[in-house]
Amino acid sequence: MCGIVGTISSEPAIDKIYPALIALQHRGQDAAGAVTFEHGFHMKKGNGLVLNVFNPKNLQRLKGSIGIGHVRYPTIGTGTAEDAQPFIITAPYGIALAHNGNLVNYFDLKEDLTDNHLRYLNSNCDAEVILNLLAIELTKMNLRDLEPEKLFSALSKVYKKLIGSFAVVSVIAKKGLLAFRDTHGIKPLVFGKNKNSYCFASESVALDLLGYKRIADINPGEAAFIDNQCVLYKKQIVKNSKKSKATCIFEYVYFARPDSVIDGIGVYEARLHLGKKLGEECLKRKIKPDVVIPIPDTARGAAEMVAEVLEVKHREGLIKNRYIYRTFIMPTQSERIEAVRLKLNPIRSEITGKKVLLVDDSIVRGNTSKEIIALLRSVGAKEVYYGLYSPPIRFPCVYGIDMQTRGEFIARDKSIEEIQTLIGADALIYQTVEGLVKAVGSGSTGFCAACFTGSYPTEISASLLERIEAERMTRKTSGFKE
Ligand code: SF4
């Protein structure tokens, strides 16, 4: 999961990119970067939060009315400053590119680029592979004037090589701004317009902030190009890909901000529906708490709905320290466990002597849930039930969420009863896969739910899965969540 933004107008692009990246900071706290173009590319990128990477001096240096930005959450790559995005290539034209996603055939593509195209890649980031493939196809066309149709034709050849998830923004020097989304639309990409200015972003929240009217999501397999006169061209690069749409359903469960709208579905609304379904599961299980408490912040909306269905009180019983980022950014296990205590503090009056139903979005490894339940017991909770508005995570994500190792999942080889015992809950209630899909999409299909079902929207062989897992094991970067 990363965040991307791209904009073109007659005004300084960085004035839009910088606030947009702050709005997208929740999508990656590992690194940030931006590239603008005016008589040449201007770039600033580095490890850290947006506020750490940029300062008034370097922002001033980023001149030009076209540009792209990126916040990184490490997927492929070592998490070094060299892997921070965007990337730039000087020929043809001069191209800058940033992406959100993960190419599952990254290693093969990198090998091919090195061996057959004699290209030296300076990073371990798959954005650099996409950039080089695009450059190769554009070079083959030998174009002086880059007509949109020719650009889309080159892009269609790039699409044929890429397997996995990618949402891309790219500046082609003196030509325009390009954006495209993978065949299944696994990663979100939306665009908006304000007078004579366009903006692409991972989430609509960035458009809201900048005063852009949300026009549409880029469809799966679709590309959009805004030329230097701000004329928009769109093309469905991969035919029929709308039918194989598989947007990451976890965006609605956890990743995206609740005030965003992805593929026409409001994230907050989806979380309310997920809470309703979980509440119905609790009713079936005859769970009767005194109070429903969300694990802040993601589970708030869902918890309200659970309480409404169960007709019990909904209270804020855990207060989050706003200055601690999501625990999944902590690099080692011991640091993660300490982070739970740093992050959450209970309100005793809402917990002591009560039967508490905690509502959370998901469990990956179970460490955080165990810590939180122990915390509630330590302040006198009578019983602690744990309700999850997503199903058990059993399969690795190969599309850019850092939970690529099967061994990481508490639900991989354990029954729900065993997980309940391990985390120390009096009851453990999961959402069903059917409930998840119905709640988010009102019954429509079009989602990737592979981490719950094992059914991947792209081709993925067992050996490829093993290779990705092995690479993940050696990197030992931070995990997605506990
Ligand atoms: S496997 Fe899970 S986290 Fe990964 S893209 Fe699919 S739904 Fe999202």
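K.L.:
Honestly, the packing of aromatic side chains in this entry has me stumped. Any pointers?
P.N.:
Centre distance and the angle of the planes are the two values used to describe a pair of aromatic rings. Evaluation of the coordinates by the stated rule reveals 13 aromatic pairs. Between Tyr159 and Phe166, the aromatic rings sit 5.4 Å apart at their centres with planes inclined by 70 degrees, giving edge-to-face as the arrangement. Overall, Tyr159 belongs to the buried group, its relative accessible area being 4%. On the basis of relative accessibility, which here comes to 1%, the residue Phe166 falls in the buried class. For the ring pair Tyr254 and Phe255, a centre distance of 5.6 Å and an interplane angle of 75 degrees mean the geometry is edge-to-face. In this pair, the class of Tyr254 matches that of Phe255, namely buried. An aromatic cluster is present here, built from Phe250, Tyr254, Phe255 and Phe452 joined pairwise through their rings.

K.L.:
I would appreciate a short explanation of the sheet that holds strand β5 (residues 87–89) in the present structure.
P.N.:
Strand order in the open sheet formed by six strands is β5-β6-β7-β8-β12-β13, with antiparallel pairing between adjacent strands. Looking at which strands have only one partner, the edges of the open sheet turn out to be β5 and β13 (232–236). The sheet shows a mean angle of 15 degrees between the axes of neighbouring strands, taken without regard to direction. Where strand β12 (residues 222–227) meets β13, five bridges bridge the pair, whose relative direction is antiparallel.

K.L.:
I'm lost on the packing of helix α5 (residues 126–141) against helix α6 (residues 148–161) in this one. Help?
P.N.:
Two numbers describe a pair of packed helices, the interaxial angle and the distance between the axes. Two elements in contact, α5 and α6, have axes whose closest approach is 9 Å; the angle formed by their N-to-C orientations is 135 degrees. As judged from the angle between their axes, α5 and α6 are oblique. Two packed elements cross with a definite hand, and for α5 against α6 that hand is right-handed. Contacts between α5 and α6 involve Leu133, Leu134, Glu137, Leu138 and Met141 from the former and Lys150, Leu151, Ser153, Ala154, Leu155, Lys157, Val158 and Lys161 from the latter. Looking at the contact of α5 with α6, its residues break down into eight nonpolar, one polar and four charged.

K.L.:
Just to check I follow, could you spell out the pattern of salt bridges for this structure?
P.N.:
Side chains bearing opposite charge may pair, as long as their charged atoms lie close to each other. On inspection of all chains with the given rule, the structure shows 23 salt bridges. We note a salt bridge from Lys150 to Glu147, for which the minimum N-O separation is 3.9 Å. Of the residues examined, Glu147 reaches a relative accessible area of 42% and is grouped as partly exposed. For the salt bridge of Arg257 with Asp259, the shortest nitrogen-to-oxygen distance reads 2.7 Å. Residues participating in the shared-partner salt-bridge network are Asp297, Arg300, Glu316 and Lys320.

K.L.:
I tried to follow the nonpolar core on my own but got confused; where do I start?
P.N.:
In globular proteins that are soluble, nonpolar side chains generally tend to be buried together. Residues Phe250, Leu357 and Val359 are the most contacted members of the largest nonpolar core, which totals 54 residues. In this structure, this core is formed jointly by two domains, domain 1 (3–245) and domain 2 (266–475), each of which donates at least three residues. Not counting residues within four places of it along the chain, the set of residues in contact with Leu357 comprises Cys282, Pro289, Val291, Val292, Ile293, Val306, Leu310, Tyr385, Tyr386, Gly387 and Ile429. Of all hydrophobic cores here, the second largest spans 36 residues; its members include Ala135, Leu146, Leu155 and Val168.

K.L.:
How should I be thinking about the side chain of Gln431 in this particular structure?
P.N.:
By secondary structure assignment, the location of Gln431 is in the loop between β23 (427–430) and α14 (433–441). Owing to a relative accessible area of 2%, Gln431 belongs among the buried residues under this scheme. Contact partners of Gln431, with chain neighbours within four places excluded, come to Leu274, Lys277, Leu278, Leu388, Tyr389, Ser390, Pro391, Pro392 and Leu436.

K.L.:
Honestly, the domain arrangement of the chain in this entry has me stumped. Any pointers?
P.N.:
Often the size quoted for an interface is simply the accessible area lost on bringing the parts together. The domains assigned to the chain are domain 1 (3–245) and domain 2 (266–475). A C-alpha centroid distance of 32 Å is found between domain 1 and domain 2.

K.L.:
Please explain α6 as it appears in this structure.
P.N.:
Spacing of three or four residues puts side chains on the same side of an α-helix, whose turn is 3.6 residues. The terminal C-alpha atoms of α6, which comprises 14 residues, lie 20 Å apart, in line with the 20 Å expected from a rise of 1.5 Å per residue. If you follow the buried residues of α6, they end up packed against α5, β7 (164–172), β8 (176–181), β12 and β13.

K.L.:
Would you mind going over the environment of Arg365 with me for this structure?
P.N.:
Among the secondary structure elements, Arg365 is positioned in the loop between β21 (355–360) and α12 (367–378). Each C-alpha atom, one on Arg365 and one on Phe180, is 34 Å from the other, the two residues being 185 residues apart in sequence.

K.L.:
It is not clear to me how unusual backbone geometry should be interpreted in this structure. Could you clarify?
P.N.:
Glycine aside, residues mostly have negative phi angles, and peptide bonds mostly take the trans form. Cis geometry is found at the peptide bond from Ala91 to Pro92, where omega equals -5 degrees. Tracing the backbone through its elements, the reader meets Pro92 in the loop between β5 and β6 (95–103). The phi dihedral of His39 is positive, around 50 degrees, even though this residue is not glycine. On the basis of relative accessibility, which here comes to 78%, the residue His39 falls in the exposed class. Despite not being glycine, Lys195 has its phi angle at roughly 50 degrees, a positive value. Locating Lys195 in the fold gives a position in the loop between β9 (190–194) and β10 (197–201).

K.L.:
How should the pairing of β23 be read in this particular structure?
P.N.:
In the case of a regular strand, side chains alternate between the two sheet surfaces. Here β23 shows no split at all, with Ala427 and Ile429 on one side and Leu428 and Tyr430 on the other all buried. Relative to β23, strand β22 (residues 383–388) is paired through four bridges, and the arrangement is parallel. From the neighbouring strand, Tyr385 faces β23, where its bridge partner is Ala427.

K.L.:
What exactly am I supposed to notice about the environment of Cys230 here?
P.N.:
Counting through the fold element by element, Cys230 comes out in the loop between β12 and β13. On the basis of relative accessibility, which here comes to 10%, the residue Cys230 falls in the buried class. Spatially, the C-alpha atoms of Cys230 and Lys213 are 16 Å apart, while their sequence positions differ by 17 residues. Every residue in contact with Cys230, bar those within four places of it in the chain, is listed here: Ile8, Ser9, Asn196 and Tyr198.

K.L.:
Just checking my understanding: could you explain the packing of helix α9 (residues 267–284) against α14 for this structure?
P.N.:
Where α9 contacts α14, the axes come no closer than 8 Å and their chain directions differ by 145 degrees. By crossing handedness, the relation of α9 to α14 is classed as right-handed. Contacts from Ala270, His273, Leu274 and Lys277 of α9 reach α14 at Gly435, Leu436, Lys438, Ala439 and Val440. Broken down by class, the residue content of the contact of α9 with α14 amounts to five nonpolar, two polar and two charged.

K.L.:
Looking at this structure, I do not really get the environment of Pro457. What am I missing?
P.N.:
On the secondary structure map, Pro457 appears in the loop between α15 (450–453) and α16 (462–475). On the basis of relative accessible area, Pro457 is assigned to the partly exposed category, the value being 23%. Between the alpha carbons of Pro457 and Ser165 there is a distance of 9.8 Å; along the sequence they are 292 residues apart. Excluding anything up to four places from it in sequence, Pro457 contacts His184, Ile186, Ala246, Tyr399 and Cys448.

About the criteria used
Within each chain, residues carry numbers counting from 1 in the order of the written sequence. Reporting in this predicted model follows two pLDDT cut-offs: at least 70 for local features of residues, and 80 or more for side-chain atom pairs to be given and counted; totals over whole chains, interfaces and linings ignore these cut-offs and use all residues. Side-chain measures were taken over the full set of non-hydrogen atoms in the model, leaving aside hydrogen atoms and water. Note on aromatic contacts: the rings of Phe and Tyr and the six-membered ring of Trp form a pair at centre separations within 6.5 Å, being stacked when their planes are under 30 degrees apart, edge-to-face when over 60 apart, and tilted otherwise. Whether a residue is buried, partly exposed or exposed follows from its accessible area with a 1.4 Å probe, protein chains only, as a fraction of its type maximum: under 20%, in between, or over 50%, in that order. Any two strands are treated as partners once DSSP identifies two or more bridges connecting them. Put simply, DSSP H or I for four residues or longer makes a helix, DSSP E for two residues or longer makes a strand, and each gets a number counted from the N terminus. For helices, the fitted axis covers only the stretch in contact; all axes are lines through C-alpha atoms, and the angles between them, taken along N-to-C directions, range from 0 to 180 degrees. Oblique is the label for every angle not falling under 35 degrees (roughly parallel), over 145 degrees (roughly antiparallel), or within 65 to 115 degrees (roughly perpendicular). Here a crossing is called left-handed whenever its near helix is offset anticlockwise from the far helix by less than a right angle, and right-handed whenever the offset is clockwise. Any two residues whose heavy atoms approach within 4.5 Å are treated as being in contact. Think of it as three bins: nonpolar holds Ala, Val, Leu, Ile, Met, Phe, Trp, Tyr, Cys and Pro, charged holds Asp, Glu, Lys and Arg, and polar takes everything else, Gly as well. The rule for a salt bridge is simple: a side-chain nitrogen of Lys or Arg has to be within 4 Å of a carboxyl oxygen of Asp or Glu. Working definition of a nonpolar core: buried Ala, Val, Leu, Ile, Met, Phe, Trp, Tyr and Cys residues. They are joined through side-chain atoms within 4.5 Å. Residue ranges assigned to the domains are those given by an automatic or database domain assignment. A helix's residues, less one, multiplied by 1.5 Å, set its expected span.

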